[in-house]
Amino acid sequence: MNPQAKLIFTISLLLGTAITTSSNHWIMAWAGLEINTLAILPLISKSHHPRAIEAATKYFLVQATASTLLLFSSMTNAWYTGQWDITQLTHPISCLILTSAIAMKLGLVPFHFWFPEVLQGAPLTTGLLLATVMKFPPITLFFLTSHSLNPTLLTCMAILSAALGGWMGLNQTQIRKILAFSSIAHLGWMTIIISFDPKLTLLNFYIYSLMTAATFLALNSIKALKLTTLMTTWTKTPSLNAMLFLTLLSLAGLPPLTGFLPKWLIIQELTKQSMAPAATAISLLSLLGLFFYLRLAYCTTITLPPHTTNHMKQWHTNKPTHITIAILTTLSTMLLPISPLIYPLS
């Protein structure tokens with residue numbers, strides 16, 4: 001892709017995100033989301049592979065439908081209440097339509113079908129944008145309207161997302177699809193708490209973005225797309241593989257690492273809200289995710305593959321690990337001790 005074109009698309013992506021996150025008016029928020037969608041499409045389809053074109057088409061159709069629903073929701077609210085302000089969403093039908101629209105934008109169950117397919121068709125760097133940056137504007141709209149949305153509906157969608165994200169990730173061999181289902185499961189954790197403590201949802205999103213960025217950049221550096229290729233990368237970059245191993249364990253939410261922090265705080269808040277059964281359910285469902293993270297981690301650090309693969313062993317290279325990956329991995333694994341500074345525990 002032409003560097004100038006890539007620069008224009010990246011600037012448009014940042015512009016769309018900035019417009020949506022800083023707007024008070026529904027039309028401005030909608031315009032920002034549209035700019036975002038149009039800017040990411042060339043980045044998804046830049047390889048001109050049929051799978052990439054298919055992914056871009058699916059992404060466009062789903063996002064256009066979600067944007068239409070969002071506009072319809074805000075217009076219905078304006079029709080009944082005369083308010084175009086994002087925080088003044090009060091009409092029950094508008095709230096329901098908005099929940100559907102944002103769930104579709106994010107890839108929450110039951111509107112999750114497009115996300116694994118699109119991520120599988122996109123390159124790893126674009127996949128990183130889809131899993132993090134592109135989810136920020138819809139999460140912001142969720143944050144601004146959280147007081148109006150139905151907590152029961154959100155809790156049901158969250159538990160279903162955690163269940164489906166864990167369940168469907170179990171039998172995957174493509175790394176991008178595993179990370180897509182992991183994203184759906186993490187969205188479940190963010191959605192379950194948004195009605196009770198929206199700031200905790202944002203904290204969860206920031207930490208998830210940090211860990212996902214470290215994982216995607218490490219995978220992009222070692223050029224691994226399947227579990228079979230991941231098994232033979234230890235000989236190529238042992239230090240990077242060790243870092244990837246720790247980041248994956250953090251994504252799984254194991255206690256000494258950063259990924260445990262949002263889960264711990266969410267379970268604590270749910271218990272305070274007398275929602276112990278929901279907290280128990282989502283905690284047990286995260287064990288499904290733990291299984292495929294451990295499988296990924298095992299494949300990452302395996303020094304002798306247990307069976308003969310069709311891939312040649314790769315040469316050990318002395319290319320230094322990129323400083324960005326090193327910083328992201330450090331943050332992804334070592335933030336738990338300073339958690340009172342990040343989120344003061346009351």
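Since the model is a prediction, treat every value here as computed from it, not as a measurement. (Residues numbered from 1 in each chain as written. Predicted model: local features only at pLDDT ≥ 70, side-chain atom pairs only at ≥ 80, totals over all residues. Heavy atoms only, no water.)

Draft legend 1. Structural detail: the overall build of the protein. Across its full length, the protein holds 16 helices and zero strands. In summary, the protein has a C-alpha radius of gyration of 20 Å against a globular reference of 20 Å for 346 residues, a match within 12%. Referenced to the eigenvectors of the C-alpha coordinate spread, the extents of the protein come out at roughly 65 × 50 × 35 Å. Counting the 346 residues in the protein, one finds 53% classified as buried. The long-range share in the protein, meaning contacts at least 24 apart out of those at least 6 apart in sequence, stands at 78%. Of the accessible surface of the protein, which amounts to about 15200 Å², a share of 71% is contributed by carbon and sulfur atoms. Taken as two groups, the 17 positive and 6 negative side-chain charges of the protein have centres that lie 18 Å from each other. (Helix = DSSP H or I, 4+ residues; strand = E, 2+ residues; numbered from the N terminus. Rg over C-alpha atoms; globule rule 2.2 N^0.38 Å. Buried < 20%, exposed > 50% of the residue type's maximum accessible area, 1.4 Å probe, protein only. Contact = heavy atoms within 4.5 Å. Areas by Shrake-Rupley, 256 points an atom, 1.4 Å probe, with all protein chains shown as cover. Lys, Arg positive; Asp, Glu negative; His and termini not counted. Charge placed at Lys NZ, Arg CZ, Asp CG, Glu CD.)

Draft legend 2. Up close: the domain arrangement of the protein. The assigned domain composition of the protein is domain 1 (1-123) and domain 2 (150-345). The distance between the C-alpha centroids of domain 1 and domain 2 comes to 24 Å. Taken together, the contacts link 16 residues of domain 1 with 18 residues of domain 2. The contact between domain 1 and domain 2 buries some 1500 Å² in all, and 74% of this surface belongs to carbon and sulfur atoms. For the domain 1 face of the interface with domain 2, the top three residues by lost area are Leu108, Val109 and Gln120, together amounting to 40%. Between Lys177 and Glu117 there is a salt bridge whose closest N-O contact spans 3.5 Å. The set of elements that each furnish at least two residues to the side of domain 1 that touches domain 2 consists of helix H4 (92-106) and helix H5 (114-121). (Domains from an automatic or database assignment. Buried area = accessible area lost by both parts, 1.4 Å probe. Salt bridge = Lys/Arg side-chain N within 4 Å of Asp/Glu carboxyl O.)

Draft legend 3. Geometry of the environment of Ser339. Structurally, Ser339 can be placed in helix H16 (residues 339-342). In this structure the C-alpha to C-alpha distance between Ser339 and Leu265, which are 74 residues apart in sequence, comes to 10.0 Å. In contact with Ser339, not counting residues within four places along its chain, are Leu261 and Trp264.

Draft legend 4. Looking closely at the pattern of salt bridges. All told, the structure shown has three salt bridges when counted by the stated rule. Several salt bridges converge on common partners, so that one network encompasses Glu54, Lys58, Glu117 and Lys177.

Draft legend 5. The UniProt feature "signal peptide" (unreviewed entry) in the protein, seen in detail. Residues given the UniProt feature "signal peptide" (unreviewed entry) here are residues 1-23. End C-alpha to end C-alpha, residues 1-23 measures 32 Å, and it is 87% helix and 0% strand. (UniProt positions renumbered as here; feature names shortened; annotations may be inferred.)

Draft legend 6. Region of the structure containing helix H7 (residues 136-145). Burial analysis of H7 places seven of its ten residues in the buried class, which makes it a mostly covered element. Listed as buried for H7 are Pro137, Pro138, Ile139, Thr140, Leu141, Phe142 and Thr145.

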